[in-house]
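Given next are the chains, with one letter for each unit.
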Amino acid sequence: MKRKGLYYLIIILFTFSPVVMDTILSNEANRHFPRTWTLFLIPTILIAYMYPKWKVIVGASIFYTALKFTTEVAQKTSTETYVMIELTTGSVINWSVVLSVGYFMNKSSKLLNKVEELTITDALTGIYNRRYFDFIMEKTIPFSKKNNTPLIFMLLDIDHFKKVNDNFGHQCGDEALKHISDIIGSNVRDTDAFVRFGGEEFAVIMPNTDVDEGLIIAELIREAIEKSGFTYNNERIYFTISIGVSSYNGEEIEEFIEKTDTALYKAKENGRNQIAIFN
């Protein structure tokens, strides 16, 4: 935040200083500072760095060009031709610099976003991975504590998944994971965080959700998976899923995970294809 505040201060400073210099300096003095308007490069490039999107970059360039010409014309009752040529030439140079810098910043931003996306996305299913789970938990739990809002954590494990790999091969297992991931994803809400927890386990973090709401969604997922068939090599395969649910009560993240894992183990022990709550 401090760095961003400094950036905004620099932008404001170099937005107004060329205008002030052009306004208060006499024509004679201005001749000694013919490149005053190049100072606009500083805020324009800084804006491009902070917001590396073409709409923002081009918009900032248009704004500073318009501000330069407006200031010059307002200060002179009759602007000489050579002055306009000089202003136009300077603008072309400024635009060339800004667009070149903007191009590389835009490319770099897209590359960084892609790298970041790859680090938090599961390569097989396309949903978030365990790394993202750790990140979102560290954000969600303090928010729940601060605002005293309910929080539900759900662990889901495919029943007898090892048999699928043993009987049909790992390629079938991969396709099954994608199939089940799609079903779970279509039954959770946009406000929920849905991740592949590891192997055949998935997790759902549900902020602002009480136990009753969490159980309704868990049952929708369980029933949808039980009813959905999966075809592989012309053979219909059916799955069931066990779900462990727990609500947050002020414990540490590790304890919260352990509570939910205990509930999942209970669902498995009681016969699978069911939901268990940590008491």
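Residues numbered from 1 in each chain as written. Predicted model: local features only at pLDDT ≥ 70, side-chain atom pairs only at ≥ 80, totals over all residues. Heavy atoms only, no water.

**Overview of the overall build of the protein chain**
Quick reminder of the rule: Helix and strand assignments come from DSSP, with helices taken as H or I runs of at least 4 residues and strands as E runs of at least 2, each series counted from the N terminus. C-alpha atoms define the radius of gyration in this analysis, and the globule rule sets the expected value at 2.2 Å times the number of residues to the power 0.38. Each residue is assigned to one of three classes by its accessible area relative to the maximum for its type, calculated with a 1.4 Å probe on protein chains only: buried under 20%, partly exposed between the two thresholds, exposed over 50%. Contact criterion: two residues are considered in contact whenever any of their non-hydrogen atoms come within 4.5 Å of each other. Note on areas: Shrake-Rupley, 1.4 Å probe, and residue coverage restricted to the protein chains presented here.
If you tally the helices and strands in the protein chain, you get 10 helices and seven strands. In terms of overall size, the protein chain is more extended than a compact globule, its C-alpha atoms giving a radius of gyration of 30 Å where 279 residues would be expected to give roughly 19 Å. The principal-axis extent of the C-alpha atoms belonging to the protein chain is close to 90 × 45 × 25 Å. Taken over 279 residues, the protein chain has a buried fraction of 39%. The long-range share in the protein chain, meaning contacts at least 24 apart out of those at least 6 apart in sequence, stands at 66%. Put simply, the protein chain shows about 16,200 Å² of open surface, and 58% of that area lies on carbon and sulfur atoms.

**With respect to the side chain of T260**
Applicable threshold: Whenever a nitrogen or oxygen atom comes within 3.5 Å of another N or O atom, the pair is scored as a polar contact, on the condition that within protein one atom can donate a hydrogen and the other can accept it, and that pairs from neighbouring residues in sequence are kept only if both atoms are in side chains.
With respect to the helices, strands and loops of the structure, T260 is situated in helix α10 (residues 253-269). Here S246 takes part through its side chain, which lies 2.6 Å from a polar atom of the side chain of T260. Apart from the residues lying within four places of it in its own chain, the contact partners of T260 are F153, M154, L155, G244, V245 and S246.

**Observations concerning the pattern of salt bridges**
As a reminder, the rule being used: Think of a salt bridge as a Lys or Arg side-chain nitrogen and an Asp or Glu carboxyl oxygen that are within 4 Å of each other.
Following the criterion strictly, the structure yields 11 salt bridges and no others. As a salt-bridge pair, D122 and R196 come within 3.3 Å of each other at their nearest N and O atoms. Of this pair, D122 sits in the loop between α5 (81-120) and α6 (130-147) while R196 sits in strand β2 (residues 193-198), placing them 74 residues apart in sequence. Like R196, D122 is buried. As a salt-bridge pair, D159 and K268 come within 2.9 Å of each other at their nearest N and O atoms. Of the two residues, D159 is situated in the loop between β1 (151-158) and α7 (161-168) and K268 in helix α10; the sequence distance between them amounts to 109 residues. By the burial criterion, D159 is buried, and K268 matches it. Ionic contacts of the salt-bridge type, sharing partners, join the residues D157, D159 and K268 into one network.

**Comments concerning the packing of aromatic side chains**
Heads up, the rule is: Here a pair means two rings of Phe, Tyr or Trp (six-membered ring of Trp) with centres within 6.5 Å. Their orientation is stacked below 30 degrees between planes, edge-to-face above 60, and tilted elsewhere.
Following the criterion strictly, the structure yields 13 aromatic pairs and no others. Aromatic side chains Y132 and F135 sit 6.2 Å apart centroid to centroid with 45° between the ring planes, which places their arrangement in the tilted category. Taken together, the residues Y132 and F135, both in helix α6 and three residues apart, mark about one turn of the helix. For Y132, a relative accessible area of 14% corresponds to the buried category.

**Here we look at the pairing of β2**
Put simply, side chains in a regular strand alternate between the two faces of the sheet. What counts here: Two strands qualify as a pair provided DSSP detects at least 2 bridges between them.
Across the six residues of β2, five count as buried, placing the element largely inside the fold. Where β2 and strand β3 (residues 201-207) come together, five bridges link them in antiparallel fashion. Along β3, the bridge assignment pairs R196 with F202. What sits between β2 and β3 in their antiparallel hairpin is a turn of two residues, with G199 showing a positive phi close to 60°.

**Considering helix α8 (residues 170-187)**
Turn by turn, an α-helix covers 3.6 residues, leaving residues three or four places apart pointing in a common direction. We count it as follows: The span one expects for a helix is its residue count, reduced by one, times 1.5 Å.
Relative to the 26 Å expected for 18 residues at 1.5 Å per residue, α8 spans 26 Å between its end C-alpha atoms, a close match to the ideal helical length. Looking at α8, one finds that the buried residues are C172, G173, A176, L177, H179, I180, S181, I183 and I184.

**Remarks on the environment of Y128**
Note on placement: Y128 falls in the loop between α5 and α6. Each C-alpha atom, one on Y128 and one on F194, is 6.6 Å from the other, the two residues being 66 residues apart in sequence. The residues contacting Y128, other than those within four sequence positions of it, are I120, T121, D122, F194, V195 and R196.

**Concerning the environment of K139**
Note on placement: K139 falls in helix α6. On a C-alpha basis, the gap between K139 and V19 in space is 44 Å, while along the polypeptide they are 120 residues apart.

**What to know about the side chain of S144**
With respect to the helices and strands, S144 occurs in helix α6. Within the structure, the side chain of S144 is placed 2.6 Å from the backbone oxygen of T149, a separation counted as a polar contact. Ignoring sequence-local partners within four residues, the contact set of S144 consists of T149, P150, L151 and Y248.

**A word on the nonpolar core**
Going by this rule: Take the buried Ala, Val, Leu, Ile, Met, Phe, Trp, Tyr and Cys residues and link them wherever side-chain atoms come within 4.5 Å; each set so joined is a nonpolar core.
M154, L156, I184, F202 and F239 are the most contacted members of the largest nonpolar core, which has 29 residues in total. Listing elements by their share of this core, those giving two or more residues are β1, α7, α8, β3, α9 (211-227), β4 (229-232) and β6 (241-247). The element contributing the most residues to this core is α8, with six residues. Excluding residues within four positions of it along the chain, M154 makes contact with F202, A203, V204, M206, G214, A218, I221, I243, G244, V245 and T260. Counting 17 residues, the second largest nonpolar core, distinct from the first, contains I136, A203, I205 and L264.

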